[in-house]
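# Results of the structural survey
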Amino acid sequence: MPTVQLTAGPLHYAERGEGPPVVLLHGLLINHTQWDGVIDLLPDGFRYLMPDLPLGAHPEPMLPGADLSMRGLNVLIAEFLTALDLRDTTLVHSDWGGGLFLTAYGLDERVGRLIVLPCEAFDNFPPGLPGKTATVASYLPGGVSLALRQLRIRWLRDTPVLFGWMTRRSLPDDLVRGWTEPGLRDKRIRRDVLSYTRSGFHKAELVAHTEALRHFSGDALILWSSAGKVMPRDHGRRLADLIPKARLVEIHDAYVLSMLDRPEAVAEAMSAFLTGRPVGTP
């Protein structure tokens, strides 16, 4: 994987294609491989970039003392776009909603469009039972290591407190092994994710930063899931109402990680948005 050196440290990313940039993000304890079932179904003529954010499944630790708070991670995303000279970028959000705050922080000048899959928004940080589990694990001695090991046990990760409400279908062992290997291998990876999870979440600020999206001037596709309890269904409608040039499309029979539950439907809606075709209801 190519790597770019940012203020916080090295950021690895996967890339394919040429054309206008599309940057696909991911969530906590996950990496770019969550997009493996979708990426081959997306249209040619675009440059797809998938960074491994320092959220616990990244291959190389950040620098000691790096700012990995909510604001620090937004700075990291903005620096990534600048370092690769990406302009008029379509930024794709999933699970971790912190990147939605680029507008609030005044860091979205290189973002032209948004695609927002189910993710944290408004005061839903950290989200639902999985978010509460992550918070508890962050403050227990050895909690992150324990959580990573539990994710490798299928019946445990299928429970609601882990990934049971993240996907409707059980995740493949090899996929989850790839997500958990970096954190189990290197305590500095665990240090990085703790730098984020322990950085503090203030509800009034989170709501205000989400609502700053009313000032985002580009087109947006809110590609929300109609099922699930972790990311409330009404948040999709609220985001679509908030962003002036947004449209809402719901993916049925899917939870948070809809690109894993229904990759074809997600790819079809994203492709239509990217190419300017009418977006239906999968």
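Preceding this paragraph is the structure being described.
Structural notes, computed from the coordinates. (Residues numbered from 1 in each chain as written. Predicted model: local features only at pLDDT ≥ 70, side-chain atom pairs only at ≥ 80, totals over all residues. Heavy atoms only, no water.)

## Some points on the overall build of the chain
In terms of helices and strands, the chain carries eleven helices and eight strands. Relative to the 2.2 N^0.38 estimate, which gives 19 Å for 282 residues, the radius of gyration of the chain is 17 Å and therefore close to what a compact globule would have. The dimensions of the chain, computed from C-alpha atoms along their principal axes, are 50 × 40 × 40 Å. Within the span of the chain, comprising 282 residues, buried residues form 58% of the whole. At a minimum sequence separation of 6, the contacts of the chain that also span at least 24 residues come to 75%. (Helix = DSSP H or I, 4+ residues; strand = E, 2+ residues; numbered from the N terminus. Rg over C-alpha atoms; globule rule 2.2 N^0.38 Å. Buried < 20%, exposed > 50% of the residue type's maximum accessible area, 1.4 Å probe, protein only. Contact = heavy atoms within 4.5 Å.)

## Focus: the environment of Leu42
Residue placement: Leu42 occurs in the loop between helix 1 (36-39) and strand 4 (47-51). Separated by 186 residues in sequence, Leu42 and Gly228 have C-alpha atoms that sit 25 Å apart. If we skip the residues at most four places from it in the chain, Leu42 touches Tyr48, Ala267, Met270 and Ser271.

## Things to note about the pattern of salt bridges
Overall, the coordinates contain 15 salt bridges when judged by the stated rule. One salt bridge connects Asp192 with Arg191, and the closest N-O pair in it is separated by 3.0 Å. Between Arg237 and Asp241 there is a salt bridge, with its nearest N and O atoms 3.4 Å apart. Within this pair, Arg237 and its partner Asp241 are both found in helix 9 (residues 233-242), separated by four residues, close to a single helical turn. Among the charged side chains, a network of salt bridges with common partners joins Arg168, Arg169, Asp253 and Asp261. (Salt bridge = Lys/Arg side-chain N within 4 Å of Asp/Glu carboxyl O.)

## Regarding helix 8 (residues 203-211)
Taken together, the buried positions of helix 8 are occupied by Leu206, His209 and Thr210. The buried residues of helix 8 all sit within an arc of 100° when viewed along its axis, so they share a single face. (Arc of directions from axis to C-beta.)

## Remarks on the pairing of strand 7 (residues 220-225)
Of all the six residues making up strand 7, six are buried; the element is thus mostly covered by neighbouring parts of the structure. Pairing analysis gives three bridges linking strand 6 (residues 111-119) to strand 7, with the strands arranged parallel. Across the sheet, residue Ile115 finds its bridge partner in strand 7, namely Leu221. Examined bridge by bridge, strand 7 and strand 8 (residues 246-251) share six bridges and lie parallel to one another. When the sheet's bridge partners are listed, Ile222 is paired in strand 8 with Leu248. (Pairing = 2+ DSSP bridges.)

## Things to note about the side chain of Ser94
You can see Ser94 is positioned in strand 5 (residues 89-95). Filtering out sequence-adjacent residues up to four positions away, Ser94 remains in contact with Leu25, His26, Gly27, Gln34, Trp35, Leu117, Pro118, Cys119, Leu257 and Met259.

## Observations concerning the pairing of strand 6
Among the nine residues of strand 6, nine are classified as buried, and the element is accordingly described as predominantly covered. Bridge count between strand 5 and strand 6: six bridges; the pairing is parallel. The partner of Leu91 across the bridge, within strand 6, is Leu114.

## Re the sheet that holds strand 6
Ordered by their spatial adjacency, eight strands build an open sheet running 1-2-4-3-5-6-7-8, and the pairing between neighbours is mixed. Only two strands of the sheet have a single partner each, and these edge strands are strand 1 (3-6) and strand 8. Neighbouring strand axes in the sheet, compared pairwise and without regard to direction, differ in orientation by 20° on average. Against the sheet, helix 2 (residues 70-83) touches strand 1, strand 2 (9-16), strand 3 (21-24), strand 4, strand 5 and strand 6, its axis set at about 120° to strand 1. Contacts from helix 9 reach strand 6, strand 7 and strand 8, with the element oriented near 170° to strand 7. (Axes fitted to C-alpha atoms, helices over the stretch in contact; angles between N-to-C directions.)

## Some words on helix 3 (residues 128-139)
For helix 3, with twelve residues, the first-to-last C-alpha span of 17 Å sits near the 16 Å given by 1.5 Å per residue. Listed as buried for helix 3 are Gly128, Pro130, Gly131, Ala137 and Ser138. Down the axis of helix 3, the buried side of the element spans an arc of 160°, and every buried residue falls inside it. Across helix 3 from its buried face, at more than 90 degrees, point the exposed residues Lys132 and Tyr139. Packing partners of the buried residues in helix 3 comprise helix 4 (143-151) and helix 7 (187-197). (Expected span 1.5 Å × (residues − 1).)

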